[in-house]
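Structural description and commentary
Take a look at the letters that make up each chain.
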Amino acid sequence: MRKIAHLALAGSLAAGTFLVPAAAFAADGEAPVLQGTRTDKTLVIGLDGARLDKIEAASTPTLHALMQRGTSGHSLLYATSDAPEVSQRGAQTVSGAGWSTILTGVWTDKHNVRDNTFAGKNYAQYPSFLDRLEQVDPSIATFAASTWAPITSSASNGDIVSDGIDLRLATGSDVKTEQAAITYLGTQNPDVAFLHLDDIDGAGHSHGADAVQYAAELEVQDARIGRILAAIDARPTRGAESWNIIVTADHGHLPKGGHGGRAQTERATFVIAAGDAIEPRGRQENLAITDIAPTVMRQAGVAVDPAWGLDGTPIGDDVSDDFDSLRPALSARVDETGIPAGTLGFTTTPPTGWSVDNSAMPSGGVTEWRGWSFTTQTFWSAAEAGQARENFTRGRDVIAVADSDEWDDKAHGAGKFDSTLVTPDYAVAGKEQAVLTFEHSYRHDRVQVAEVLVSFDGAAPVQVASFPASDNGERTIVTDVPAGARTAQYRFHYSGTNDWFWALDQVRFSAQGETDPAGAEGIVLEAVVEEVVTEGKLSMTVAGDGAPVRLAGGLDGDHLAYTAALPVVSVSDTRRDAAGWAVSGQSTAFSAGSTTFGADRLGWAPRLVVDKPGVTAGQRIASAQAGGAGLSTPQTLAGADAIGRKGTSDVTADLALELPADTAPGSYGATLTVSLFPVD
């Protein structure tokens, strides 16, 4: 499809609404034509500076109707902090950072836009969802029109949406954005569209969010959205189409006007989603603006590649966890003074199956934070602004927090904060590995301790992870299961003396691998691939002629990087009744004579050769050079459920070997063993 980048619009929209020929928007006489290939379509509408609480209080029937037939939720943005660490730095509550997060589907620590200068932007690695769709499938018709120029042009170093999409327009006014939307959505065939409307933000700056002018502008924009949706409903092909409509905002506004700071009214954002493919769930507490990008991808029929590193989850997927069950039990403040009275937001009672060990805690201190507490981002970040509590953006709904800094604000007994959060017992019988994943935000200081320990069958806990520096994001801990073990229990131990904090959420556990594999295959790197071993009706073969898989590359910046493709691994399953299968891989150390380096230097990005429902590629595993675990321990290549397992499934991986630049020259060899296991 022809790519057209238009950075200006001509013409005007008179009173009422009418369709303008596409040629009216063309540059140099060229009329763009959007010829989509999907019947499942999405329109994302961005209301700059809009607050959900003000929308709910205003006369906004179009938005109220979307909320009633879909799902909606309020959430909070990051904010700048005094923390020097990049992972804790956050961003200003301004449009550059906000729209970058919404359009890329990742938070600021990845796309790296922290203000309206766009300095350090990382759109090459994390492009907008429109650009990503074009990269994956150019047949998808993509369209964007924005009043604020940096979204759809290079103005102010912007280009959030690049000229690689089918049509982008920087209109300069909401009237012209509406005109473009009605024209292209009503008379042509885009598959995915993004619109930006700016006048609510203007009213907020001029009058403040509490002003009647702000409410009036919300009503103006609500009517504008109504006309745009009417143009969609009037499409001749509408009856055969499925449309999702998503409305969001990049930031909020202070009561008297303005944004960019740390106040929760500035950090306020929201998601409203409704449509033929959106389940009506009403008000939700766990929606995030990063959920928009994967929702768009799913509606377009594009599977999200784990290697993209998106931070969101498609709207409607279950992201609740054990902590979220505590929301009805949350109480108002007790000792805290910065949190508004009446705000429900904390409990020290853990969810069913969990426990908190405060046996080493001194008496006293601030009640809300005595040991591990369960709270919300709204409650916790209000305790004291600017210290990076705002930047646990990956926490949803109820989170777990150990905060020695806030606890120490009230007199207490001798000793330091020392508390342990204990998980339920997880079943590991017959499994090879225990896998714990969680989202966390840890701010380190001085002699503070944050560690994860595991106990199998009630044995003495053993440390499996520690954090000697500040850290923010998803972490995975893989531990070998001792022979004969039946249960695993984890402990999150935190201690500190008026130091900082550790926040947790989305704690998940899985056990993988079988002690009796159905087959195993050695893939030799720089050597011969062994003969395949098959048993029964579940079997595995590896493509290739037995020649070594040679990794090629050289110096890449400050380190050496070598890559290769894993030979295609084919799993055939003709069993009559089975739950599924899993394939894992593990490499030996690399050696050249007496010189060796560990397999943790080798990572991979698994992928399916052909997408198949019920078959899932494993997660990307980074090398130790890139901060990952590498393939020194078994890592999942692919897995299948009871339906997807049937027939033949092909999977491969992009191998990545990363080494220090001073690694001794030589021809290094290793063996990567791929094993096939039945799933009970």
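This structure is a prediction, so every number in the text was calculated from the model and none was measured.

Concerning the overall build of the chain
- Helices and strands together make up the secondary structure of the chain, namely 14 helices and 34 strands.
- For the chain, the spread of C-alpha atoms along the principal axes amounts to about 80 × 70 × 55 Å.
- Of all 680 residues assigned to the chain, the portion counted as buried reaches 55%.
- Pairs at least 24 apart in sequence give 75% of the contacts found in the chain among residues at least 6 apart.
- On the chain, roughly 25,700 Å² of surface is accessible, and the fraction owed to carbon and sulfur atoms is 51%.
- Each charge class in the chain was averaged separately, 49 positive and 85 negative side chains, and the resulting centres sit 3 Å apart.

Some points on the pairing of strand β4 (residues 142-146)
- Burial within β4 is extensive, with five of its five residues counted as buried.
- Bridging between β4 and strand β5 (residues 167-170) involves four bridges; their strand directions are parallel. Looking at the pairing, Ser 146 lines up with Ala 170 of β5.

Observations regarding the confidence of the model for the chain
- On average, the chain scores 90 in pLDDT, and the residues at 70 or more come to 92%.
- The model gives residues 1-24 a pLDDT under 50, and that stretch makes 68 contacts with residues more than four places away or in other chains.
- Confidence over residues 527-536 falls short of pLDDT 50; this stretch has 25 contacts with residues more than four positions distant or in other chains.

Brief notes about the pattern of salt bridges
- Applying the stated rule across the entire model yields 31 salt bridges.
- Of the charged contacts in the structure, one is a salt bridge between Glu 279 and Arg 281, with a shortest N-O distance of 3.3 Å.
- Residue classification places Glu 279 among the partly exposed residues on the basis of a relative accessible area of 48%.
- Between Arg 575 and Asp 573 there is a salt bridge; the shortest N-O distance is 2.7 Å.
- Via salt bridges that share partners, Asp 109, Lys 110, Asp 311 and Arg 394 belong to a single interconnected network.

Concerning the nonpolar core
- Trp 372, Leu 421, Phe 438, Val 452, Phe 492 and Trp 502 are the most contacted members of the largest nonpolar core, which has 51 residues in total.
- Those elements that provide at least two residues to this core are α13 (377-381), β13 (398-403), β14 (417-422), β16 (431-443), β17 (449-456), β20 (487-496) and β21 (501-514).
- Counting residues in hydrophobic clusters, the runner-up holds 41 residues, among them Tyr 78, Ile 102, Ile 292 and Met 297.

Overview of the environment of Ala 268
- As for its position among the elements, Ala 268 is in strand β8 (residues 268-275).
- Overall, the relative accessible area of 7% leaves Ala 268 in the buried class.
- Sequence separation between Ala 268 and Gly 312 is 44 residues, and the spatial gap between their C-alpha atoms is 18 Å.

Re helix α8 (residues 174-187)
- Compared with an ideal rise of 1.5 Å per residue, which puts 14 residues at 20 Å, α8 spans 19 Å between its outermost C-alpha atoms and is within 8% of the ideal.
- Summarising burial for α8: eleven of the 14 residues are buried, a large majority.
- Restricting attention to buried positions, one finds in α8 the residues Asp 174, Thr 177, Glu 178, Gln 179, Ala 180, Ala 181, Ile 182, Thr 183, Tyr 184, Leu 185 and Gly 186.

Section: the packing of aromatic side chains
- Tallying each qualifying case throughout the model produces 22 aromatic pairs.
- Each ring, one from Tyr 426 and one from Tyr 490, has its centre 6.4 Å from the other, and the planes form 50°; the classification is tilted. Of this pair, Tyr 426 sits in strand β15 (residues 426-427) while Tyr 490 sits in strand β20, and the two are 64 residues apart along the sequence.
- Members of the aromatic cluster, joined through ring pairs, are Trp 372, Phe 438, Tyr 442, Phe 467, Phe 492 and Trp 502.
- In this structure, Arg 443 is placed above the aromatic ring of Trp 500, and the distance from its NZ or CZ to the ring centre is 3.9 Å.

Focus: the sheet that holds β21
- Strand order across the open sheet formed by six strands is β10-β12-β13-β21-β16-β19, with antiparallel pairing between neighbours. Two strands in the sheet have a free side with no partner beyond their single neighbour: β10 (346-347) and β19 (471-480).
- One ladder, built from eleven bridges, connects β16 with β21; its direction is antiparallel. Residue Leu 436 lies in a different strand from β21, and its bridge partner there is Phe 509.

A look at the packing of helix α2 (residues 61-69) against helix α10 (residues 212-233)
- Look at α2 against α10: their axes get within 7 Å of each other, and the N-to-C directions meet at 65°. When α2 is examined against α10, the residues Pro 61, Thr 62, Leu 63 and Leu 66 are found in contact with a partner set consisting of Asp 222, Ile 225, Gly 226 and Leu 229.
- When grouped by side-chain class, the residues that make up the contact of α2 with α10 number five nonpolar, two polar and one charged.

Things to note about the environment of Ala 65
- Here Ala 65 shows up in helix α2.
- Take Ala 65: its relative accessible area is 34%, and that puts it in the partly exposed class.
- In sequence terms Ala 65 and Ala 274 are 209 residues apart; their C-alpha atoms lie 9.1 Å from each other.

Quick notes on the pairing of strand β12 (residues 373-376)
- Burial of the side chains of β12 extends over both faces: Ser 373 and Thr 375 are buried on one face and Phe 374 and Thr 376 on the other.
- Bridge count for β12 against β13 is four bridges, and the pairing is antiparallel. Bridge assignment links Thr 376 to a residue of β13, and that residue is Val 398.

Side note on the environment of Leu 52
- Locating Leu 52 in the fold gives a position in helix α1 (residues 52-57).
- Residue Leu 52 is classed as buried on the basis of its relative accessible area of 3%.
- The spacing of Leu 52 and Asp 311 is 259 residues in sequence and 22 Å in space, taken between C-alpha atoms.

Some remarks on the packing of helix α9 (residues 199-207) against α10
- Relative orientation of the contacting elements α9 and α10 amounts to 175°, with a least axis distance of 9 Å. On the basis of their axis angle, the class for α9 and α10 is roughly antiparallel. Residues Asp 199, Ile 200, Ala 203, Gly 204 and His 207 of α9 form the contact with α10, whose participating residues are Gln 213, Tyr 214, Glu 217, Leu 218, Gln 221 and Arg 224.
- Among the residues making up the contact of α9 with α10, the classes are represented as four nonpolar, four polar and three charged.

Let's talk about the side chain of Arg 168
- Among the structural elements, Arg 168 can be located in strand β5.
- Note on Arg 168: relative accessible area 5%, which makes it buried.
- Within the structure, the side chain of Arg 168 is placed 2.6 Å from the side chain of Asp 159, a separation counted as a polar contact.
- At a separation of 2.7 Å, a polar atom in the side chain of Arg 168 contacts the main-chain carbonyl oxygen of Val 161.

How each quantity is defined
- Residues numbered from 1 in each chain as written.
- Predicted model: local features only at pLDDT ≥ 70, side-chain atom pairs only at ≥ 80, totals over all residues.
- Heavy atoms only, no water.
- Helix = DSSP H or I, 4+ residues; strand = E, 2+ residues; numbered from the N terminus.
- Buried < 20%, exposed > 50% of the residue type's maximum accessible area, 1.4 Å probe, protein only.
- Contact = heavy atoms within 4.5 Å.
- Areas by Shrake-Rupley, 256 points an atom, 1.4 Å probe, with all protein chains shown as cover.
- Lys, Arg positive; Asp, Glu negative; His and termini not counted.
- Charge placed at Lys NZ, Arg CZ, Asp CG, Glu CD.
- Pairing = 2+ DSSP bridges.
- pLDDT = per-residue confidence, 0-100.
- Salt bridge = Lys/Arg side-chain N within 4 Å of Asp/Glu carboxyl O.
- Core = buried A, V, L, I, M, F, W, Y, C linked by side-chain atoms within 4.5 Å.
- Expected span 1.5 Å × (residues − 1).
- Phe/Tyr/Trp six-rings, centres within 6.5 Å; stacked < 30°, edge-to-face > 60°.
- Lys NZ or Arg CZ within 6 Å of the ring centre and 35° of its normal.
- Axes fitted to C-alpha atoms, helices over the stretch in contact; angles between N-to-C directions.
- Nonpolar A, V, L, I, M, F, W, Y, C, P; charged D, E, K, R; others polar.
- Parallel < 35°, antiparallel > 145°, perpendicular 65-115°, else oblique.
- Polar contact = N/O pair within 3.5 Å; in protein donor to acceptor, adjacent residues only side chain to side chain.

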